[in-house]
Amino acid sequence: MIELNRRQLFAGAATVAAAAAISQCEIPGAEAGVAPAGAQAPGFYRYKVGAYECTSINDGARSFPMPDNFVTNVPKAEATAAAEAAYMPQGMVTVPFNPQLINTGSKLILIDCGNGIATYEPTKGAVGRTLMNLQAAGVDPKSIDIVLMSHLHPDHTNGIRAADGSMAFPNAEIMVPAKDWAFWMSDENAAKAPNDMMKNYFANVRKIYAGIESKVTKYDWDKEVAPGITSIATPGHTPGHTSFVVASGNSKVLLQADVTNIPEFFLRNPDWHVVYDTEPDLAQQTRHKFYDMAAAEKATVVGFHFTFPSIGHVEKDGAKYRLIPSAWNPTI
Ligand SMILES: [Zn+2]
């Protein structure tokens, strides 16, 4: 058995580096080697739910300096400690984004569609990659029948527009939660927006849906909104925030959207309030109810803001919860 302590490990690394330096000196042109790829692989991952083939489509991930009020009801030091415990970049929060594509055999349904316009900044991450990753998965945006929104925040809904402002999924019916639509489209609510973030949310919904308002289908909770896909009430994050049960045969998964934002914070600490929640106390109640149910059922849970491919199981851990990510499966 080889025992390796910290000193040997770093000494070993130094030796390897020195050897590499020497060999590069000795062999002319050796530094050319193989050029690094310099870019990430496409982000899509397939899994089955009964007869349905589902694909987790990565829209990207963004790192940003942790705002002072990112968690509104605990001191910032506690939130910073949670970020450090999750090995996020120093002083930063990293939030991933993962829409889900469901192929029922008769319909192709995209649940949430990401941030829209693609941005790539090495220190901050890259978002707006849904179209690119759909293409990598061999999916033509024109073949998508339904785009189903969990709620109307920009990171979930802005991807309905391509970079030139045209509809990214030109043949798709766009379905939104009736309660969210009523909330965000109300001029009375917009006038009461308590801060710039909320003002921007109201303005964004109006901008993204400008000209297509009458074509949008509004759906209610506890309805089969598409074949095998049932809308379930998980309000609090927004008034109409919706999760989905995708069921086929004896199999099902729970698509939880933003019941928790990043699990390292709000699934570990279900009583913490993220700054983006419209009704934080209700969101907290929803979290407990949803995860108690998911843990009791040992249900597979897909989270829009879980680390790609964003699939796992939730266990109860005293008054908290923990996420057990599913292992990469080379077969489907
Ligand atoms: Zn979100």
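Since the structure is predicted, the reported quantities are computational estimates derived from the model, not experimental observations.

## A word on the overall build of the protein chain
Step number 1: When its secondary structure is counted, the protein chain shows nine helices and 18 strands.
Step number 2: Whereas a compact globule of 332 residues would reach a radius of gyration of roughly 20 Å, the protein chain reaches 22 Å, a difference of no more than 12%.
Step number 3: Over its C-alpha atoms, taken along the principal directions, the protein chain stretches across nearly 70 × 45 × 45 Å.
Step number 4: Buried residues in the protein chain amount to 47% of all 332 residues.
Step number 5: For the protein chain, contacts bridging at least 24 residues in sequence account for 66% of all contacts bridging at least 6.
Step number 6: For the protein chain, the exposed surface amounts to about 16500 Å²; the carbon and sulfur share of it is 56%.
Step number 7: Positive and negative side-chain charges of the protein chain, numbering 27 and 33 respectively, have mean locations separated by a distance of 1 Å.

## Structural notes on the sheet that holds strand E3 (residues 60-65)
The pairing of strands in a sheet happens through backbone hydrogen bonds and is either parallel or antiparallel.
Step number 1: Across the sheet, four strands lie side by side as E4-E3-E8-E7; this open sheet has antiparallel pairing. What marks the edges here is a single partner per strand, and that holds for strand E4 (92-97) and strand E7 (119-121). Shown here is a sheet whose adjacent strand axes are inclined to one another by a mean of 25 degrees, direction ignored.

## Description of the layout of surface pockets
Step number 1: The volume enclosed by the largest pocket comes to roughly 480 Å³.
Step number 2: Contributing to the lining of the largest pocket are 18 residues, with Gln40, Asn58, Gly60, Ala61 and Arg129 lying nearest its centre.
Step number 3: For the lining of the largest pocket, the elements supplying multiple residues, two or more each, are E3, E4, E7 and strand E8 (125-127).
Step number 4: Tallied by class, the residues present in the lining of the largest pocket amount to nine nonpolar, seven polar and two charged.
Step number 5: Volume-wise, the second largest pocket comes out at about 350 Å³.
Step number 6: Around the second largest pocket, the lining comprises 17 residues; the ones closest to its centre are Arg62, Pro154, Asp155, Tyr201 and Tyr276.
Step number 7: Of all the secondary structure elements, the ones that give two or more residues to the lining of the second largest pocket are E3, E4, helix H4 (154-157) and helix H7 (196-208).
Step number 8: Across the lining of the second largest pocket, the residue classes tally to seven nonpolar, seven polar and three charged.

## A few points about the coordination of the zinc ion
Step number 1: Here the zinc ion is held by the protein donor atoms Asp155 (OD), His156 (NE2), Asp258 (OD) and His305 (NE2), which lie 2.0 to 2.5 Å from it.
Step number 2: Seen from the zinc ion, its four donor atoms lie at angles of 89 to 171 degrees, and the figure they make is irregular.
Step number 3: The sequence pattern describing where the donors of the zinc ion fall on their chain is D-H-x101-D-x46-H. In this pair, Asp155 is assigned in helix H4 and Asp258 in the loop between strand E15 (251-257) and helix H8 (263-266), connecting sequence segments 103 residues apart.
Step number 4: Under the relative-accessibility criterion, Asp258 is labelled buried at 3%.

Reading the values: the criteria
Residues numbered from 1 in each chain as written. Predicted model: local features only at pLDDT ≥ 70, side-chain atom pairs only at ≥ 80, totals over all residues. Heavy atoms only, no water. Helix = DSSP H or I, 4+ residues; strand = E, 2+ residues; numbered from the N terminus. Rg over C-alpha atoms; globule rule 2.2 N^0.38 Å. Buried < 20%, exposed > 50% of the residue type's maximum accessible area, 1.4 Å probe, protein only. Contact = heavy atoms within 4.5 Å. Areas by Shrake-Rupley, 256 points an atom, 1.4 Å probe, with all protein chains shown as cover. Lys, Arg positive; Asp, Glu negative; His and termini not counted. Charge placed at Lys NZ, Arg CZ, Asp CG, Glu CD. Pairing = 2+ DSSP bridges. Axes fitted to C-alpha atoms, helices over the stretch in contact; angles between N-to-C directions. 1 Å grid on protein atoms, 1.4 Å probe; cavity = no way out; pocket = protein on both sides within 12 Å on 5 of 7 lines; lining within 4 Å. Points joined across faces, edges and corners; volume = space filled by probe spheres on them. Nonpolar A, V, L, I, M, F, W, Y, C, P; charged D, E, K, R; others polar. Donors = N, O, S within 2.8 Å, 3.2 Å for Na, K, Ca; no water. Tetrahedral: all angles 85-135°; square planar, octahedral: opposite > 155°, others 65-115°.

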